[in-house]
Amino acid sequence: MSVMSSSIDLAKLKTLIEINARINSSYSDVDTLLVYILESAMCLVECESSSLLLVKEDGTLRFVVALGPKGAEAQNIPVDKSSIAGWVAANNKSLIINNVSSDPRFNNTVQRKTGYVTRKMIAIPMRVKGQCIGVIELINKTGSRDFNNDDLMILELLSSLAAIAYSNAYSYRSAQDKISVLQNTIDSGSEYHSFVAKSPAILDLLRVIDEVAKTNSSVLITGESGVGKELFAEQLHLKSPRVGKPFVRVNCAALSAPLLESELFGHVKGAFTDAVSDREGRFEAANGGTLFLDEIGELPLDLQAKLLRVLQEHSFERVGSNTTINVDVRIVAATNRDLEKMVAEGAFRGDLFYRLNVLPLHIPPLRERKEDIEPLSSFFLKRLSGETKKNFTGFSSAAMRMLYDYYWPGNIRELENSIERACVLGNPPVIQAEDLHISVPDNTSASRREDTSFDSMADDIVTASDGDRTLKTALTKFKTAYVKRILNETSWNQTEAGRILGIQRTYVSRLLNELHIR
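None of the values given here were measured: they were computed from a predicted structure.

### Remarks on the pairing of strand 5 (residues 131–141)
The side chains of a regular strand alternate, first on one face of the sheet and then on the other. The element strand 5 is largely enclosed, with a buried count of ten among its eleven residues. In this sheet, strand 5 lies alongside strand 1 (residues 47–55) in antiparallel orientation, the contact comprising seven bridges. Bridge pairing in strand 5 places L54 opposite G134. Where strand 4 (residues 121–128) meets strand 5, eight bridges bridge the pair, whose relative direction is antiparallel. Among the inter-strand pairings, M121 is bridged to a residue of strand 5, identified as I139. What sits between strand 4 and strand 5 in their antiparallel hairpin is a turn of two residues, with K129 showing a positive phi close to 55°.

Here it is, written out as structure tokens:
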């Protein structure tokens, strides 16, 4: 049936063109796009409610979008394949039913649970490459009118657009996840890092690791971003009886929640749309060895429950499978977040925290172990001189003094970046202070300014405290002022502000809410 032979008016054609343009300009947020398409469909055919259901592997359907008087209640109700939507999906054909209650294919489960009576319905398959992947339903035309062939025609066009939107968004999301997996694989390569340390604090930690490594207990490594938590996890593995077995790394913040579950626990063929074959997860890959979970504070709550079970029972199931797999894996987790505070806020499971925190290790920031600055700088300079093909032999006295005087909010990662920049911009044989491009104030004048600034700041806090001069209130006032200052310096770039503050971007966002910063 062609568009030209229908009675679709100009306004409806304009709506279709607008939907098509929106699909072609944005497909990263498929849910919002599908809601827009269904809202447009309801306007075009003038009906009370609409829904989009996707076909699951077992032939049943699940609501992705449900709009109308009882849409929110219907959202979580599974739809049996012995229903009108199930028939449309199985036969890949559209239906117009203007007396739903008398149709033998009608399943009243959703109607019974929501109380919303379905009198008339039009249902259209949503096809990708000719295969039905979902069903669009429009229910109860306004004014008790019947659905007709003109309605069917325009809805079939909309269904084609919805299929394109879904297909584009799925491809986009799949590509993004594959990029994340590849990046995660690159970032967590099998080679171990060189360990460079001279400070008493780190040498003491290494002696602790010698003892901790002999056990199988879980270890939680904490410390600011960039202090080298992964290197300490490597040392735990290398000094343990598991050294001949795999050391597997997972960055919990690098992957979306569904992909992270598959990465950790694996999946079976058909578990989801892109699962074309069985796949081993990181737990199986690490069997007998050590699994390093970096940025554990970013692990979604539902996966926290599954991880807790593995810690307690040493068993799990792949995604989409009922077969239990037993593993012998030591867990080493790391975070720069305050997990105890997250537990108090309900953002992290308390039982999981206590299982991970059996043997805690805290890595001090670089500014608290300045004896490591010189050996680390020399190590980075030697490596980066080769990479930049410049024969640097060392640092000028002014440059080394600057390295010692700087605060290093980004810790060792920032130190490495600064020396790399100096190797690129500087001229051999030595790195000069100006090559480092870091700002260290003059000690004498800075001291005077700090005294004056501190007194002024203290006066401001007292003045603004409304009589409450407790330390807690003063710290909150200071934190608010300091975070605002860093945000202003970075033009409110939260990622850059987080780097300077030595915290994750997500924690910056939380601070804005906690401190009521706008």
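### Describing the pairing of strand 8 (residues 290–294)
In terms of residue burial, strand 8 counts as a mostly covered element, since five of its five residues are buried. Here strand 8 shows a buried face lined by T290, F292 and D294 and a second buried face lined by L291 and L293. In this sheet, strand 11 (residues 330–335) lies alongside strand 8 in parallel orientation, the contact comprising four bridges. Counterpart to L293 in the pairing with strand 11 is A333.

### Observations regarding the side chain of T290
Position of T290 relative to the elements: it lies in strand 8. T290 has contacts with H237, R242, P246, F247, V248, V329, R330 and V332, leaving out every residue within four places of it along the chain.

### Concerning the sheet that holds strand 5
Spatial ordering of the open sheet is given by 2-1-5-4-3, a layout of five strands whose pairing is antiparallel. With partners counted over all chains shown, the strands left at the sheet margins are strand 2 (61–67) and strand 3 (95–97), one partner each. Adjacent strand axes in the sheet meet at a mean angle of 20°, parallel and antiparallel pairs treated alike.

### What to know about helix 9 (residues 257–265)
Among all positions in helix 9, only L259, L260, S262, E263, L264 and F265 are buried. Positive backbone phi, at 80°, marks G266, one or two positions downstream of helix 9.

### Here we look at the packing of aromatic side chains
Working definition: an aromatic ring pair is given by the centre-to-centre distance plus the angle between the planes. Counted by the stated rule, this structure contains nine aromatic pairs. Ring geometry for F195 against F232: centres 5.1 Å apart, planes inclined by 90°, an arrangement best described as edge-to-face. One end of the pair, F195, is in the loop between helix 6 (149–187) and helix 7 (200–212); the other, F232, is in helix 8 (residues 229–238), and 37 residues separate them in sequence. Since its relative accessible area comes to 3%, F232 is described here as buried. For the ring pair F247 and F292, a centre distance of 6.3 Å and an interplane angle of 15° mean the geometry is stacked. Remark: F292 occurs in strand 8 and F247 occurs in strand 7 (residues 247–251); sequence separation between them is 45 residues. As far as the burial class goes, F247 and F292 line up, both buried. Taken together, the aromatic side chains of F265, F283 and F316 make up a single cluster linked through ring pairs. Over the face of the ring belonging to W87 we find R105, whose NZ or CZ atom lies 4.8 Å from the ring centre. Between the NZ or CZ atom of K306 and the centre of the ring of F265, over which it lies, the distance is 4.6 Å.

### Observations regarding the pattern of salt bridges
Evaluated as defined, the whole model comprises 23 salt bridges. Between R369 and D372 there is a salt bridge, with its nearest N and O atoms 3.1 Å apart. Assigned by exposure class, R369 and D372 land together as buried. Within the structure, one salt-bridge network assembled from shared partners comprises E230, E234 and R249.

About the thresholds
- Residues numbered from 1 in each chain as written.
- Predicted model: local features only at pLDDT ≥ 70, side-chain atom pairs only at ≥ 80, totals over all residues.
- Heavy atoms only, no water.
- Buried < 20%, exposed > 50% of the residue type's maximum accessible area, 1.4 Å probe, protein only.
- Helix = DSSP H or I, 4+ residues; strand = E, 2+ residues; numbered from the N terminus.
- Pairing = 2+ DSSP bridges.
- Contact = heavy atoms within 4.5 Å.
- Axes fitted to C-alpha atoms, helices over the stretch in contact; angles between N-to-C directions.
- Phe/Tyr/Trp six-rings, centres within 6.5 Å; stacked < 30°, edge-to-face > 60°.
- Lys NZ or Arg CZ within 6 Å of the ring centre and 35° of its normal.
- Salt bridge = Lys/Arg side-chain N within 4 Å of Asp/Glu carboxyl O.

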